[in-house]
Amino acid sequence: MVDYLKDAPDEIAKMLFKLGAVKVNLSNYYRLGSGDFSPLYVDARQLLSDMDARSRVSSRILFWVNIGWAMTLANCKLLPVLYARRDAKDHGLLNQIEGELPKDGAKVVVLDDVITTGRSALSVCEALQRGKNGKKAEVLGVFTVFDWDFSVVNKQFEEAGIPKTRIIPLNTLIAYGINHGLLSDEDKRQIEEFYRQHC
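Computed from a predicted model, the values in this text were never measured in an experiment. (Residues numbered from 1 in each chain as written. Predicted model: local features only at pLDDT ≥ 70, side-chain atom pairs only at ≥ 80, totals over all residues. Heavy atoms only, no water.)

Draft legend 1. Region of interest: the overall build of the chain. For the chain, the count of helices and strands is seven helices and nine strands. Counting all 199 residues of the chain, 40% fall into the buried class. Accessible surface, the chain as shown: approximately 11000 Å² in total, 50% of it carbon and sulfur. (Helix = DSSP H or I, 4+ residues; strand = E, 2+ residues; numbered from the N terminus. Buried < 20%, exposed > 50% of the residue type's maximum accessible area, 1.4 Å probe, protein only. Areas by Shrake-Rupley, 256 points an atom, 1.4 Å probe, with all protein chains shown as cover.)

Draft legend 2. Here's a closer look at helix H7 (residues 185–198). Taking 1.5 Å per residue as the helical rise, H7 with its 14 residues ought to reach 20 Å, and the 20 Å between its terminal C-alpha atoms agrees with that figure. Those residues of H7 lying buried are Asp-187, Gln-190, Ile-191 and Phe-194. Looking down the long axis of H7, one finds its buried residues gathered within 100° of arc, a one-sided arrangement. For H7, the exposed residues set more than 90 degrees away from the buried face come down to Asp-185 and Arg-196. (Expected span 1.5 Å × (residues − 1). Arc of directions from axis to C-beta.)

Draft legend 3. Structural context of the packing of helix H6 (residues 170–179) against H7. Interaxial distance between H6 and H7 falls to 10 Å at its minimum, and their mutual angle equals 170°. The angle between H6 and H7 places the two elements in the roughly antiparallel class. The segment H6 lies against H7, with Leu-170, Ile-174 and Ile-178 engaging Asp-185, Lys-188, Ile-191, Glu-192 and Tyr-195. For the contact of H6 with H7, a count of residues per class yields five nonpolar, no polar and three charged. (Axes fitted to C-alpha atoms, helices over the stretch in contact; angles between N-to-C directions. Parallel < 35°, antiparallel > 145°, perpendicular 65-115°, else oblique. Contact = heavy atoms within 4.5 Å. Nonpolar A, V, L, I, M, F, W, Y, C, P; charged D, E, K, R; others polar.)

Draft legend 4. Representation of helix H1 (residues 8–18) in the model. Taking burial as the measure, the 11 residues of H1 include eight buried ones, the bulk of the element. When H1 is considered as a whole, its buried residues turn out to be Ala-8, Pro-9, Glu-11, Ile-12, Ala-13, Met-15, Leu-16 and Phe-17. Gly-20, located one to two residues past H1, shows a positive phi value of around 75°.

Draft legend 5. Structural view of the nonpolar core. Core analysis: the largest hydrophobic core is formed by 47 residues, its most contacted members being Ile-12, Leu-16, Leu-40, Phe-146, Trp-148 and Leu-173. The contact partners of Leu-40, leaving out residues within four places of it in the chain, are Val-22, Lys-23, Val-24, Tyr-30, Leu-32, Phe-146, Trp-148, Leu-170, Leu-173 and Ile-191. (Core = buried A, V, L, I, M, F, W, Y, C linked by side-chain atoms within 4.5 Å.)

Draft legend 6. Up close: the environment of Tyr-41. Relative to the assigned elements, Tyr-41 resides in strand E4 (residues 40–42). Between the C-alpha atoms of Tyr-41 and Tyr-29, which are 12 residues apart in sequence, the distance is 8.8 Å. With sequence-adjacent residues up to four places away left out, Tyr-41 is seen in contact with Ala-21, Val-22, Lys-23, Tyr-30 and Leu-32. Of note is the side chain of Tyr-41, whose polar atom sits 3.3 Å from the side chain of Arg-45. (Polar contact = N/O pair within 3.5 Å; in protein donor to acceptor, adjacent residues only side chain to side chain.)

Draft legend 7. Inspection of the packing of aromatic side chains at higher detail. Scanning the entire structure with this criterion turns up seven aromatic pairs. Consider the rings of Phe-17 and Tyr-176, whose centres lie 5.9 Å apart with planes at 25°: the pair is stacked. Remark: Tyr-176 occurs in helix H6 and Phe-17 occurs in helix H1; sequence separation between them is 159 residues. Using a relative accessible area of 15% as the deciding quantity, one classes Phe-17 as buried. Owing to a relative accessible area of 10%, Tyr-176 belongs among the buried residues under this scheme. Here Tyr-30 and Tyr-41 contribute two aromatic rings whose centre-to-centre distance is 5.9 Å and whose plane-to-plane angle is 40°, an arrangement assigned as tilted. (Phe/Tyr/Trp six-rings, centres within 6.5 Å; stacked < 30°, edge-to-face > 60°.)

Draft legend 8. Fine view of the packing of H1 against H6. Axis separation between H1 and H6 bottoms out at 9 Å; the angle between their running directions is 65°. Crossing hand, H1 versus H6: right-handed. Mapping the contact onto sequence places Pro-9, Asp-10, Ala-13, Lys-14, Leu-16 and Phe-17 in H1 and Thr-172, Leu-173, Tyr-176 and Gly-177 in H6. (Left-handed = near helix turned anticlockwise from the far one by under 90°.)

Draft legend 9. The arrangement of the pattern of salt bridges in detail. Within this structure, the stated rule accounts for 10 salt bridges. Across the salt bridge formed by Arg-166 and Asp-149, the nearest N and O atoms sit 2.9 Å from each other. Linking Arg-166 in strand E9 (residues 164–169) with Asp-149 in the loop between strand E8 (137–147) and helix H5 (151–160), this pair joins segments that are 17 residues apart in sequence. For Arg-166, a relative accessible area of 27% corresponds to the partly exposed category. Classification of Asp-149 by relative accessible area gives buried; the value is 17%. Its salt-bridge partner being Glu-192, residue Lys-188 comes within 3.2 Å of it at the nearest N-O pair. With a gap of four residues between them, Lys-188 and Glu-192 both fall in helix H7, about one helical turn apart. Relative accessible area serves as the criterion here: at 29%, Lys-188 is assigned to the partly exposed category. For Glu-192, a relative accessible area of 25% corresponds to the partly exposed category. Here the salt bridges do not stand alone but share partners, grouping Asp-147, Asp-149, Lys-164 and Arg-166 into one network. (Salt bridge = Lys/Arg side-chain N within 4 Å of Asp/Glu carboxyl O.)

In short, geometric facts, not functional conclusions.
As C-alpha cells, then:
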C-alpha cells in the first residue's frame, strides 16, 4: 500500500519556507496569540494564498480525517462549514459559533492553522460540544497544519478526550530548515530553548 502521508511534513515545511511563512528573529521576538514571545513565528495561513500549497494541504487533510479544509474542501465534499472563535463576540449577536449545525450530534472536525497553547482550539471544541440552538456537536478531533507540539498542550487534549493531528511538528520544521540551510545553528538553539521553557 502506498503511504501518501510519508513525505507530507517535509513537503509542507518546504512550502512554508518558500512562501516566507517561517519567520525567525533572534533579537526582537514575535508576540504569539498566546501572549508569549518567541524567536519563531509560523504563519501557516500563507499556504492559503498559494493554489499548489492549498491543494497539497487539502489532500493531506483528506487522507487523515476525510473532511475538508474549511471552505476549500467543504465545497468539494458538499459539507457544511461553521466558523468558531476562541471567545464569543462582545458585540452584535455575541456568537462564538457562526453558522448552524446541521443536526444534533453532528460529527465535527475542528481545523486550525497553528496550535501553540491549544486554548483557541479547545475553547472551540467546548463551544461545539455545548452546542447552539439546541444542537450539540460530536467533536471527532482537531487538525492543524503546524503544531508546536508542547507536551503540556498534548496532555490537555488527551485529558479533554480530543484527538489532535498535525501535518508538521516543530522538530520536523527545524530539521528541514537546518538541512536546507534556511535556519542557522543559533536559530535552532534559541527556538529549542523557547520550546523547552514552554513544555
